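# Breakdown of the fold
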Amino acid sequence: MTFVVTDNCILCKYTDCVEVCPVDCFYEGPNFLVIDPDECIDCALCEPECPAEAIFEEDDLPEGQEQFLALNAELAQKWENITEMKEPLPESKKWDGIKNKIEKLER
Ligand code: SF4
Ligand code: F3S
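The text that follows walks through the structure, step by step, so that each part is easy to find.

What counts, and where the lines are drawn
- Residues numbered from 1 in each chain as written.
- Chains lettered and ligands numbered in written order.
- Predicted model: local features only at pLDDT ≥ 70, side-chain atom pairs only at ≥ 80, totals over all residues.
- Heavy atoms only, no water.
- Near = heavy atom within 4 Å.
- Nonpolar A, V, L, I, M, F, W, Y, C, P; charged D, E, K, R; others polar.
- Helix = DSSP H or I, 4+ residues; strand = E, 2+ residues; numbered from the N terminus.
- Buried < 20%, exposed > 50% of the residue type's maximum accessible area, 1.4 Å probe, protein only.
- Contact = heavy atoms within 4.5 Å.
- Pairing = 2+ DSSP bridges.
- Axes fitted to C-alpha atoms, helices over the stretch in contact; angles between N-to-C directions.
- Salt bridge = Lys/Arg side-chain N within 4 Å of Asp/Glu carboxyl O.

### Remarks on the site of ligand 1
Around ligand 1, the neighbouring residues are Phe3, Cys21, Pro22, Val23, Cys25, Phe26, Ile35, Cys40, Ile41, Cys43, Ala44 and Cys46. Taken together, the residues of the shell around ligand 1 sort by class into 12 nonpolar, no polar and no charged.

What follows is the structure, encoded as structure tokens:
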């Protein structure tokens, strides 16, 4: 079982989530973060920390967000580990809540 970062993180990237993860399993891309499903211990600490409410358990993914399970697994292999909180993206407030931001995902 793993937790999954979904669409609303894109272009926001608040990074509150990385501060609480006991196993440091977040990976950072240009405008999105992912969780490595092989490292996540399913502790649930990150879920309530995300201001964008973008983190869900894999069995609890909202409708239309199912593709993010595979996307997290794929991108965790490509991106760098992130363990400390940093400034959110400059337009995070503007993009928070906008649907289907996956079109803007930068790999
Ligand atoms: Fe890390 Fe726990 Fe969130 Fe998994 S559920 S990403 S182990 S904080
Ligand atoms: Fe993204 Fe939420 Fe973490 S916006 S960077 S999943 S705190």
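Now, onward.
### Some words on the site of ligand 2
Taken together, Val5, Cys9, Lys13, Tyr14, Thr15, Asp16, Cys17, Leu33, Cys50, Pro51, Ala52 and Ile55 are the residues near ligand 2. In terms of residue class, the shell around ligand 2 is made up of 9 nonpolar, 1 polar and 2 charged.

### Focus: the side chain of Thr2
Looking at where Thr2 falls in the secondary structure, it is placed in the segment before strand 1 (3-5). Thr2 gets classed as buried once you look at its relative accessible area, which sits at 3%. Excluding residues within four positions of it along the chain, Thr2 makes contact with Ile35, Asp36, Pro37, Cys40, Asp42, Phe56, Glu57, Glu58 and Leu69.

### With respect to the sheet that holds strand 5 (residues 80-81)
Spatial ordering of the open sheet is given by 3-2-5, a layout of 3 strands whose pairing is antiparallel. Two strands in the sheet have a free side with no partner beyond their single neighbour: strand 3 (33-35) and strand 5. In this sheet, strand 5 lies alongside strand 2 (residues 26-28) in antiparallel orientation, the contact comprising 2 bridges. Paired with Glu28 across the strands is Glu80, a residue of strand 5. Running at roughly 100° to strand 3, helix 2 (residues 67-76) makes contact with strand 2 and strand 3 of the sheet.

### Focus: the pattern of salt bridges
Scanning all chains against the criterion turns up 5 salt bridges. Of the charged contacts, one joins Lys13 and Glu28 as a salt bridge, the two residues approaching to 2.9 Å between their closest N and O atoms. Linking Lys13 in the loop between strand 1 and helix 1 (16-20) with Glu28 in strand 2, this pair joins segments that are 15 residues apart in sequence. On the basis of relative accessible area, Lys13 is assigned to the buried category, the value being 7%. A salt bridge links Glu91 to Lys94; the nearest nitrogen and oxygen atoms lie 3.6 Å apart. Classification of Glu91 as partly exposed rests on a relative accessible area of 42%. Lys94 sits in the exposed class, given a relative accessible area of 51%. One salt-bridge network, in which partners are shared between bridges, spans Lys13, Glu28 and Lys86.

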